[in-house]
Amino acid sequence: MESAEQLQQPARSRRITAAMVAAKAGVSTATVSLVANGKTAGRVSEDNISRVREAIAELGYVVDGIGSSLAKGVSSIVILVAPDISNPFFAKVIAGVRESLGPRYQLLLSVTEAGESPRADDVRRLMSLRPAGLLVDAPSAGFLEDLASPSPVVLLDAPGLEAYAPSVNLDVASGARELAAHLADAGHREAAYVDSVTGTETFALRRKAFLEEAAARGITVGADRIISTTIDVGTAASAFAAAWPGWQRRGVTAVVCGTDTHAYGVLQEARVAGVRIPEELAVAGFDDLPYSATSNPGLTSVHLPATPLGLKAGEQLRRLMEGGVLEQSGVTLESSLVVRGSTAAAER
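Residues numbered from 1 in each chain as written. Predicted model: local features only at pLDDT ≥ 70, side-chain atom pairs only at ≥ 80, totals over all residues. Heavy atoms only, no water.

An unreviewed UniProt entry annotates the protein as DNA-binding LacI/PurR family transcriptional regulator of Pseudarthrobacter oxydans.

This is the structure:
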C-alpha cells in the first residue's frame, strides 16, 4: 500500500502504477485495470468508475499498453522500415498506412540516415517489442534475406521481390517509359539522369526503364551523364552545378531525376546559372509531389500514388495480423505522367 507521503510526490519523479491509482481511489488494482481498458460494463459501479478516473487524472497514470500486450505474446506495434524519409513522398505513404491501421495499432518508424540502406540487425533489435507486423518500404533482396521476421510482413514499392513477402508495388516502369516517349516526341536527343544513392530496387527499375525506352526512341544518355545524390534539394543542386558545364558541351537538353526532390535542386541551380527552363533545358522527376504543380515552372513528373500505396499496404498487413487470407499477395498501383511547364517547350 502506498503511503500518503508517496502519493503526494510529484508524478514526474516516479512511475505511476495501477496499485497507486487503486490506493488513491480506494479500489482494487483489478478495478483500475477494468476502468483503464474500458471494460467496466456490468462489472464496475459508476461511483468506482468516477473515483478511478479522478485518481488517474490526478496522478497522471498511463496504461502500459506495450507491457500488457507483451504478456499476451505480441504487441500492438507495427514497424515501418524505410530507407530514407527525407523524401517528402514518404509523408504521404505514412499517412496512408496510419489511416488503414486504425487506432488499434501503434506505428513505429525504423529509418536510416539519408542515403543509407536499412540494416537487418537494427530492425531485429526492435523485435524485442514483439511487433504485430512489419511494413518494409523499398527494400533490397539482401535486407529481406537477413531479416527473417517471425511477424507478418508486407513490402511496399519493392519490384522484383514479390517472392519474399506479399507486396504492394508502383508501376514505375510504365511511367518511366511514358516520360522517355514524351521527351523524344518533344525532339530531345541528348539527356542526363540524376539518380538516388539508396540503390533500392524501385530506383534501379525507374532508371533502367527510362534508359531503355530513351535508347529505343533515339535519346542518348551516356554513362558520364548519370549522377547519384541523396534525396536532398541542396545536394542535388550542387551535383547538377558541377555536372552541367560538361553536359552542356555535349548538347544535353533534358535532365530526368529519380525524384521530384532531386528535380527541385536542378531547377534551383538552373535558374542560378541563367539556364532557361524549358527552352534550353527540360527537367522532369518522379513522385508528383504537391509542390510540383505550383513550382515555377510546374514540374513534369511521373505521378506515383503515395497515399494509396500506404493505404493498401496497411490494409494487407492488417488482414494478415488479424488472421485473414489475402485475395492477392501482389498488388500493383498504376503510375501516370503529368506534363507541366518544365518540359513543355516548342519542338526542337
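Okay, back to it.
Peer 1: How should the environment of Ile227 be read in this particular structure?
Peer 2: Considering the arrangement of structural elements, one finds Ile227 in strand E7 (residues 226–229). Relative accessible area serves as the criterion here: at 18%, Ile227 is assigned to the buried category. On a C-alpha basis, the gap between Ile227 and Tyr193 in space is 6.5 Å, while along the polypeptide they are 34 residues apart. If sequence neighbours within four positions are ignored, Ile227 has contacts with Tyr193, Val194, Asp195, Ala239, Phe240, Ala243 and Trp247. (Helix = DSSP H or I, 4+ residues; strand = E, 2+ residues; numbered from the N terminus. Buried < 20%, exposed > 50% of the residue type's maximum accessible area, 1.4 Å probe, protein only. Contact = heavy atoms within 4.5 Å.)

Peer 1: What should I look at first to understand helix H11 (residues 233–249) in this one?
Peer 2: Because the α-helix completes a turn every 3.6 residues, residues three or four places apart line up on one side. For H11, spanning 17 residues, the distance from its first C-alpha to its last is 24 Å, which sits close to the expected 24 Å at 1.5 Å a residue. The sharpest bend along H11 comes to roughly 45 degrees, located at Ala243, with the proline Pro245 sitting one to four residues further on. Tucked into the core, H11 has its buried residues touching strand E6 (191–196), E7, strand E8 (254–257) and helix H12 (260–272). Two to three positions downstream of the cap, the backbone nitrogen of Gly234 sits 3.1 Å from a side-chain oxygen, assigning the N-cap of H11 to Asp232. Looking one or two residues beyond H11, the residue adopting positive phi is Gly251, at roughly 80 degrees. (Expected span 1.5 Å × (residues − 1). Bend = angle between axes of the 7 residues up to and from the residue. Polar contact = N/O pair within 3.5 Å; in protein donor to acceptor, adjacent residues only side chain to side chain.)

Peer 1: Would you mind going over the environment of Gln268 with me for this structure?
Peer 2: By the element assignment, Gln268 lies in helix H12. As for Gln268 and Asn296, which are separated by 28 residues in sequence, their C-alpha atoms are 10.0 Å apart. In contact with Gln268, other than residues within four places in its own chain, are Val233 and Ala237.

Peer 1: How do you make sense of the side chain of His182 when you look at a structure like this?
Peer 2: Take His182: it is sitting in helix H9 (residues 172–185). Setting aside chain neighbours within four positions, we find His182 in contact with Thr300, Leu337, Val339 and Thr343.

Peer 1: How do you make sense of the packing of aromatic side chains when you look at a structure like this?
Peer 2: Centre-to-centre distance and the angle between the planes together describe a pair of aromatic rings. One pass over the full model with this rule turns up 5 aromatic pairs. Where Tyr193 meets Phe210, the ring centres are 5.9 Å apart and the plane angle is 35 degrees; that geometry is what we call tilted. With Tyr193 in strand E6 and Phe210 in helix H10 (residues 201–216), the pair connects residues that are 17 residues apart, well separated along the chain. Each member of the pair Tyr193 and Phe210 is classed as buried. (Phe/Tyr/Trp six-rings, centres within 6.5 Å; stacked < 30°, edge-to-face > 60°.)

Peer 1: Help me understand the sheet that holds strand E5 (residues 167–170) in this model?
Peer 2: Two orientations exist for strands paired in a sheet by backbone hydrogen bonds: parallel and antiparallel. Ordered in space as E2-E1-E3-E4-E5-E11, the 6 strands form an open sheet in which the pairing is parallel. Edge strands, defined here as strands with exactly one partner in the open sheet, are strand E2 (106–111) and strand E11 (330–333). The mean angle between the axes of side-by-side strands here comes to 15 degrees, regardless of whether they run parallel or antiparallel. Relative to E5, strand E4 (residues 153–156) runs parallel, the two being bridged by 2 bridges. Bridging from a neighbouring strand, Leu156 pairs with Val168 of E5. The strands touched by helix H6 (residues 89–101) are strand E1 (77–82), E2, strand E3 (133–137), E4 and E5; relative to E2, the strand with the most contacts, the crossing angle is about 150 degrees. (Pairing = 2+ DSSP bridges. Axes fitted to C-alpha atoms, helices over the stretch in contact; angles between N-to-C directions.)

Peer 1: Looking at this structure, I do not really get H6. What am I missing?
Peer 2: Taking 1.5 Å per residue, 13 residues should reach 18 Å; H6 reaches 19 Å between its end C-alpha atoms and fits that length. Inspection of H6 places Phe89, Phe90, Val93, Gly96, Val97, Ser100 and Leu101 among the buried residues, and these make up the whole buried set. Seen along its axis, H6 keeps its buried residues to an arc of 125 degrees; they face one direction. Counted as exposed and oriented over 90 degrees from the buried face of H6: Ala91 and Glu99. Count one or two residues on from H6 and you reach Gly102, which has phi positive near 75 degrees. (Arc of directions from axis to C-beta.)

Peer 1: In this structure, what is going on with the sheet that holds E7? I would like to understand it.
Peer 2: Within the open sheet, the 6 strands sit side by side as E7-E6-E8-E9-E10-E12. Their pairing is mixed. At either margin of the open sheet sits one strand with a lone partner, and together these are E7 and strand E12 (336–338). If you compare each strand with its neighbour and ignore which way they point, the axes differ by 20 degrees on average. Across 3 bridges, the pairing between E8 and strand E9 (residues 282–287) is parallel. Considered in E9, the bridge of Val255 is made with Val283. H11 rests against E6, E7 and E8 of the sheet, and its axis sits at about 165 degrees to E7.

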